[in-house]
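Residue-level structural notes
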Amino acid sequence: MHDPNDFPTPDDADRITQETIEKYARYVNPAALNLLKLGGFDKVEWRGNGATITDLHGKSYIDCLGGYGVFALGHAHPEIVAAVQAQAATLPLSSKTFLNKPLADLCERLAQLAPGDLQYTFVSNSGTEAIEAALKFARAATKRTNFVAAHGAYHGKTFGALSASGRDVYKTPFAPLVPGFSHVPFGDFDALTGAVDANTAAVILEPVQGESGIRIPPRGYISHAREVCDKHGALLILDEVQTGIGRTGKMFACDYCKVAPDILVLAKALGGGVMPIGATMGTPAVWEAMFKNNPFLHTSTFGGSELACVAALETLKIVERDNLCAESERKGATLLAGLRDVQERYPDLLTDTRGVGLMIGVEFADADVGKLAIGALVKHGVVAAYTLNNAKIMRFEPPLVITDAQVQTVIAAFDAAVCETAELLAELLA
Ligand code: PLP
């Protein structure tokens, strides 16, 4: 527990909060500030500990957004913080001239854990960068230009990743995007079969779509994608930026279907909730095509820093040591059942509850009602949010280290929030 004396006095907390609000309005993003105010999130975050965030006024919240999957190990995990502090005091960033031992150790560990013959890793700083690398590697390895992606997909917001993403509202203002991308309905076997041909460099998919609303494809879909790619000599890129590192109850979601991609993309939780990191893994064939003639064909100044690599190595160690994949599966089943129970009691408001491990979504019949419920939930001390490409879905992606008692608190808070939302709607419609 944090020492309560670490917090400012209530008057100072009010003043700092007000100043921060004003700076957001003047210097950060006034429109985002308005949204935060509407949702009841206009508080200054101050401390993180396990599954909780505490604001400047000392009020704690269970974090069920979990940084869109970043905080698998919770906030400020002491072992990750210690590893990063120790590294920061010796050599935080790579000179880029000598050999980087944490980078070599991390790439070795990832190769041991990843399926198939994913042997090499390029380390960057974020999910979208790791996707950019994946797309470039696929073009280099196949000498082809085209990509097949899925409707509703979210792969990031740089040009290549955005081109692969499947929601126009984020794409249209920036057209023309990268050419060569086509999109098929996620989970539709025939559409995928028909879309891949001899010009396809790669099919890029999330094993479970996160931002489109926690969508789990029908059984066999990812294996089917593998077969279609093999038939046409295309590569399979799996984007496990959100699903990776235990989120779904396995180290990688593709472990469920026993499919090995040619390129596997990781980020978010890999940094242990402390360091930003992205990782693009590939087979020897991909690496040879990409780097044999020019080892600097794709580089990153900050990518692969000692700081990020020690955080990732420590993360992988803790996930395995503390059985966090199994914990994710077990606690996810409890949370899913509890949320589904609430859903069944409010069939007019809530239409579905689905998920795998601690990647869970509850679907509202109406997106605006969902937003009201998110606001009600935060008053009960639980932070959640809707998914970026589908505002009807309230997502629950708490840290894998959430306690059993906290899972029960989340279920009770959701129950209360939905009940209050239903009452509010009844009043409004009366
Ligand atoms: N891919 C997936 C599946 C994601 O969920 C995200 C982010 O939410 C990204 C890529 C982009 O990652 P980042 O925001 O770190 O660039």
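Residues numbered from 1 in each chain as written. Predicted model: local features only at pLDDT ≥ 70, side-chain atom pairs only at ≥ 80, totals over all residues. Heavy atoms only, no water.

Glancing now at the domain arrangement of the protein. On domain assignment, one finds that the protein holds domain 1 (1-6 + 10-14 + 20-44) and domain 2 (78-321). Between the C-alpha centres of domain 1 and domain 2 the distance comes to 33 Å. (Domains from an automatic or database assignment.)

On to helix 1 (residues 10-28), then. Buried within helix 1 are the following residues: Ala-13, Thr-17 and Ile-21. End-on, the buried residues of helix 1 take up no more than an arc of 75°, which puts them together on one face. In helix 1, the exposed positions angled more than 90 degrees off the buried face are occupied by Asp-11, Arg-26 and Tyr-27. Buried residues in helix 1 make contact with helix 2 (30-39). (Buried < 20%, exposed > 50% of the residue type's maximum accessible area, 1.4 Å probe, protein only. Helix = DSSP H or I, 4+ residues; strand = E, 2+ residues; numbered from the N terminus. Arc of directions from axis to C-beta. Contact = heavy atoms within 4.5 Å.)

Packing of helix 13 (residues 324-345) against helix 15 (residues 404-429) brings their axes to within 10 Å, and their N-to-C directions diverge by 15°. By the angle between their directions, the pair helix 13 and helix 15 is classed as roughly parallel. As helix 13 runs across helix 15, the sense of the crossing is right-handed. In contact with Arg-330, Lys-331, Thr-334, Leu-335, Gly-338, Leu-339, Val-342 and Arg-345 of helix 13, helix 15 contributes Asp-404, Val-407, Gln-408, Val-410, Ile-411, Phe-414, Asp-415 and Val-418. (Axes fitted to C-alpha atoms, helices over the stretch in contact; angles between N-to-C directions. Parallel < 35°, antiparallel > 145°, perpendicular 65-115°, else oblique. Left-handed = near helix turned anticlockwise from the far one by under 90°.)

Before going further, it helps to examine the packing of aromatic side chains. Summed over all chains, the structure comprises nine aromatic pairs. Arranged with centres 5.7 Å apart and planes meeting at 10°, the rings of Tyr-120 and Trp-287 form a pair that is stacked. You can see Tyr-120 sitting in strand 4 (residues 120-124) and its partner Trp-287 sitting in helix 11 (residues 284-291), a full 167 residues away along the chain. Residue classification places Tyr-120 among the partly exposed positions, given a relative accessible area of 34%. Centroid distance Phe-189 to Tyr-221: 5.6 Å. Interplanar angle 65°. Geometry classified as edge-to-face. Taken together, the positions of Phe-189 in helix 8 (residues 189-195) and Tyr-221 in helix 9 (residues 221-232) put the pair 32 residues apart, joining distant regions of the chain. Looking at Phe-189, the relative accessible area reads 26%, which means it is partly exposed. (Phe/Tyr/Trp six-rings, centres within 6.5 Å; stacked < 30°, edge-to-face > 60°.)

This next bit is on the site of the ligand. Taken together, Ser-126, Gly-127, Thr-128, Tyr-154, His-155, Gly-156, Glu-206, Asp-239, Val-241, Gln-242 and Lys-268 make up all the residues around the ligand. For the ligand, a nitrogen atom lies 3.3 Å from a polar atom in the backbone of Tyr-154. Taking Asp-239, its side chain carries an N or O atom lying 2.7 Å from a nitrogen atom of the ligand. Against a free-state accessible area of 390 Å², the protein chains account for coverage of 84% of the ligand. Taken together, the residues of the shell around the ligand sort by class into two nonpolar, six polar and three charged. (Near = heavy atom within 4 Å. Polar contact = N/O pair within 3.5 Å; in protein donor to acceptor, adjacent residues only side chain to side chain. Areas by Shrake-Rupley, 256 points an atom, 1.4 Å probe, with all protein chains shown as cover. Nonpolar A, V, L, I, M, F, W, Y, C, P; charged D, E, K, R; others polar.)

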